[in-house]
Amino acid sequence: MNIDELEKLFKDILQNAQRAVSEASQNELNDLRTKFLGRKGEIAQSMKLLGKLSQEDRPKAGKIANQTKAKIESFFRAMKPEQKLLHTKNDYTLPGRKNISGGSHPIRLVMREIIDIFYGMGFSVASGPEIETEYYNFDALNTPADHPARDIQDTFYLPKDGYLLRTQTSPVQIRVMESQKPPLRVIVPGKCYRKDAIDPTHYYTFSQCEGLYVDKDVNLADLMGVLTAFAKKILGENVKVRFRPHYFPFTEPSLEYDFSCPVCNGKGCRICKGTGWIEISGAGMVDPKVFENVGYDTDKYQGFAWGMGIERIAMVKYGIDDIRLLYENDLAFLEQFPHPFGCF
Ligand code: DAH
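This write-up is about the structure you can find in this document. The model shown is predicted, which means the values in this text are computed figures rather than measured ones. (Residues numbered from 1 in each chain as written. Predicted model: local features only at pLDDT ≥ 70, side-chain atom pairs only at ≥ 80, totals over all residues. Heavy atoms only, no water.)

Comments concerning the site of the ligand
Around the ligand sit 15 residues, and of these Gln-168, Gln-173, Arg-194, Gln-208 and Glu-210 come closest. With respect to the ligand, the side chain of Glu-210 contributes an N or O atom lying 2.6 Å from an oxygen atom. For the ligand, the cavity whose grid points lie within 2 Å of the majority of its atoms is the largest pocket. Counting only elements with at least two residues in the shell around the ligand, the list comes to β5 (205–215), β8 (277–286) and β9 (302–309). Looking at the shell around the ligand residue by residue, the classes come out as five nonpolar, eight polar and two charged. (Near = heavy atom within 4 Å. Polar contact = N/O pair within 3.5 Å; in protein donor to acceptor, adjacent residues only side chain to side chain. 1 Å grid on protein atoms, 1.4 Å probe; cavity = no way out; pocket = protein on both sides within 12 Å on 5 of 7 lines; lining within 4 Å. Sits in = over half its atoms within 2 Å of the grid points. Helix = DSSP H or I, 4+ residues; strand = E, 2+ residues; numbered from the N terminus. Nonpolar A, V, L, I, M, F, W, Y, C, P; charged D, E, K, R; others polar.)

Now the structure itself:
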């Protein structure tokens, strides 16, 4: 080994290093640094050869070795960030990954629409607790102690005496009337709980939207007018509405109202169970006994109220034939619904 051969060796290492660094991807740079400059790297190995040279050639060879090392170090430093990116193995020309954003649940969509419609008619939104007392859920609503709805088989009673999961949004009527003087117009969207056996139209959790209108000179025609206007807003002008006599402890007279089935246009289908009609809501004129319970003057004020089923409306609006779909959170189902901006 003579000085010329060693000089040639360092020159080759330098050239190899320059090419390798300029072509390397970000991930490969560290390995290259080790390969050329590491403790057992090519420079270090070649320096060992210095010992094989004559005494007088050694300083010169040492200088060449140090210069080569410094140059290689400068190659690594010279890698600009964008150059580093260019050399990574990532392909920056690929299309971006799809941003998965959450949407609104169909119950939420319908709820929001219902709120909008009643806002337009001058109603405001009230809310109340889902853990209720027997007083608000039953007694104040004129529900007798032996009424079947109170049955342990229908109501989720809580371990604490007198407490339950509300079976309806109606108790909020009482809470609102206790804290506000008439006249009033409120709606109460919210969740309710009943020990119903689960089937395509029943679930133990469901949603209602309660409504309460109290003023002087209020009558059944007002109730029918408001609910008919609502039906046309939510399902379109062609929907038909029918009212049937019914019984609720807190209204007199009481009725139930149905929409013509928008899925089959009243002809009869799976969703309306062949009847052409969908039961949407209970309703009625507020029983004066309820007004007495909150201290309203029954000579001066009358009112009407209703409690509509949100799931039912969502089901006919979107053609959903099984209520369980609304609670199972299957993404394939949920992704079919609009993803509006600004969910609440
Ligand atoms: N709370 C009743 C239910 O869950 C529905 C209802 C009927 C609400 C008549 C009312 C009403 O406010 O006036 O079945």
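Some thoughts on the pairing of β8
For β8, the buried fraction is high: eight of the 10 residues fall into the buried class. Alignment of strand β7 (residues 251–260) against β8, held across eight bridges, turns out to be antiparallel. Bridge assignment links Ser-260 to a residue of β8, and that residue is Trp-277. Taken together, the five bridges between β8 and β9 define a ladder with antiparallel strand orientation. Across the sheet, Ser-281 pairs through a bridge with Met-308, a residue of β9. (Buried < 20%, exposed > 50% of the residue type's maximum accessible area, 1.4 Å probe, protein only. Pairing = 2+ DSSP bridges.)

Considering the pattern of salt bridges
Evaluated as defined, the whole model comprises 12 salt bridges. Residue Arg-175 pairs with Glu-132 through a salt bridge whose shortest N-O separation is 2.7 Å. Here Arg-175 is found in helix α8 (residues 171–179), whereas its partner Glu-132 is found in strand β2 (residues 131–133), with 43 residues between them in sequence. Since its relative accessible area comes to 27%, Arg-175 is described here as partly exposed. Counted as one network, the salt bridges with shared partners bring together Arg-242, Arg-244, Glu-256, Asp-258 and Glu-279. (Salt bridge = Lys/Arg side-chain N within 4 Å of Asp/Glu carboxyl O.)

As for the layout of surface pockets
Size it by volume and the largest pocket reaches roughly 970 Å³. Lining the largest pocket are 41 residues, with Arg-194, Phe-206, Gln-208, Phe-248 and Glu-256 positioned closest to its centre. Broken down by secondary-structure element, the contributors of at least two residues to the lining of the largest pocket are β5, β6 (241–248), β7, β8, β9 and α11 (310–318). Examining the composition of the lining of the largest pocket, we find that six residues originate from one element, β8, more than from any other. (Points joined across faces, edges and corners; volume = space filled by probe spheres on them.)

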